[in-house]
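Here is what each chain is made of, one letter per residue.
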Amino acid sequence: MTLTHSFKKIKAIGLSSGGLDSILSALMLQREGIDVTWVSFKTPFFSPDAAIKASDNTGIPLKIIDITDDYLTMLENPKAGYGKNMNPCMDCHVMMFSKAGEIMKQEGFDFLFSGEVAGQRPKSQNKNAMRYVEKNSGFDGFILRPLSAKILPRSIAEKQGLIDREKLCSISGRSRKIQLQMAKEFGVKDFPAPAGGCLLTDQNFSNRLKDLMSGNKKYEIRELYLLRHGRHIRLDGRTKAVVGRAEKDNDNILKYYQKDKDILIKHASLPGPAMLITSGAGGEMVKKAASICAGYTKTKPSDPAVMKIESFAGCEMITVPAIAPSTIKDLMI
């Protein structure tokens, strides 16, 4: 079969996670003369970093789109529900294909594609889930999954002769033996290990997110990014503190510090963690937080510690007794 379906170049835009399956699906289409472009989406729960690296390694163009606002709306009540944790995998894929489809229409791409493999993931990559995604994306028939295409219904691209179905694969299940062999054939050597790149699949992160969404009616995007770092301590229904575990953790926490809104707590003289309270707090709650922060320094439990408190009101020193971390386990999120 020839791919000269028309005089114009056939173009496809695909979702890229940056993983091996994404890379192989794009290279398969590219080998058949199709002009491929990737799109990767950004939220506080997953990043385009791996996709950026894959784009650099392969030369395949990449579009990056931040979908945080729309994603949060969907996340509050996903139609297909959650997975084991706070991961709305099926509706997440619906949103991504829907947004990629809009780009397809606006920029003249012929079809959509992804590196999904049937049966690779029980919740989001079984045939029923794939069908759900396609029907609800608004682009039914336009999605080609090159690695599993021969065991899935024919896509519009195949029906129109834009791609030869016989040049596609029939991979299913969780084994990666075929993909690894294909990687050798394509000369692909640099790719991430197969793992969930979405923080919403992580139980600890999901617990923190649930706490944030239930404990604060309004929260800022930076608070979502803060969920990745430090220890999270629920002081009361309105007040939460984030305290660093190490120097790098402190640095990451301080990236999201806003002097006009937050309270920052550190030991006045000893090395130790930075503690951040983003929702503000009253005097007694600040003292409690300072005592907890002191407990993560070399100050012995119950010994006095001079703590530095910085807020929009200025800077002050207060002396509080250190609280041993082992005594506040019920406050940890």
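Here goes a summary of the coordinates provided. (Residues numbered from 1 in each chain as written. Predicted model: local features only at pLDDT ≥ 70, side-chain atom pairs only at ≥ 80, totals over all residues. Heavy atoms only, no water.)

So, the sheet that holds strand E7 (residues 240-243)
Taken in spatial order, the 6 strands make up an open sheet running E6-E7-E9-E8-E10-E11, and their pairing is antiparallel. Strands at the two margins of the open sheet, each flanked by one partner only, are strand E6 (231-234) and strand E11 (314-321). Pairs of neighbouring strands in the sheet enclose a mean axial angle of 25 degrees, with direction left out of account. With 3 bridges joining them, strand E8 (residues 263-267) and strand E9 (residues 275-277) adopt antiparallel strand pairing. Pairing of leucine 264 across the sheet is with leucine 276, part of E9. (Pairing = 2+ DSSP bridges. Helix = DSSP H or I, 4+ residues; strand = E, 2+ residues; numbered from the N terminus. Axes fitted to C-alpha atoms, helices over the stretch in contact; angles between N-to-C directions.)

Digging into unusual backbone geometry
Keep in mind that most residues, glycine aside, have a negative phi and that most peptide bonds are trans. Unlike most non-glycine residues, serine 302 shows phi in positive territory, near 80 degrees. Position of serine 302 relative to the elements: it lies in the loop between helix H11 (283-295) and strand E10 (304-311).

Some remarks on the packing of aromatic side chains
Counted according to the given criterion, the structure contains 4 aromatic pairs. Seen from their ring centres, phenylalanine 45 and tyrosine 71 are 5.9 Å apart, and the 45 degrees between their planes marks the pair as tilted. With phenylalanine 45 in the loop between strand E2 (35-42) and helix H2 (49-58) and tyrosine 71 in helix H3 (residues 68-76), the pair connects residues that are 26 residues apart, well separated along the chain. Like phenylalanine 45, the residue tyrosine 71 is buried in the burial classification. Ring centres of tyrosine 225 and tyrosine 256 lie 6.1 Å apart, and the angle between their planes is 10 degrees; this geometry places the pair in the stacked category. Here tyrosine 225, found in helix H9 (residues 221-226), pairs with tyrosine 256, found in the loop between helix H10 (247-254) and E8; they are 31 residues apart in sequence, far enough to count as distant. The same class applies to tyrosine 225 as to tyrosine 256, namely buried. (Phe/Tyr/Trp six-rings, centres within 6.5 Å; stacked < 30°, edge-to-face > 60°. Buried < 20%, exposed > 50% of the residue type's maximum accessible area, 1.4 Å probe, protein only.)

Some words on H3
Residues of H3 that are buried include every one of Thr68, Tyr71, Leu72, Met74 and Leu75, and no others. Relative to the axis of H3, the buried residues are bounded by an arc of 165 degrees and lie together on one face. Opposite the buried face of H3, at more than 90 degrees from it, the exposed residues are Asp69, Thr73 and Glu76. (Arc of directions from axis to C-beta.)

Regarding the pattern of salt bridges
If you walk through the whole model with that rule in mind, you get 18 salt bridges. Among the charged side chains, a network of salt bridges with common partners joins Glu220, Arg222, Lys261 and Asp262. (Salt bridge = Lys/Arg side-chain N within 4 Å of Asp/Glu carboxyl O.)

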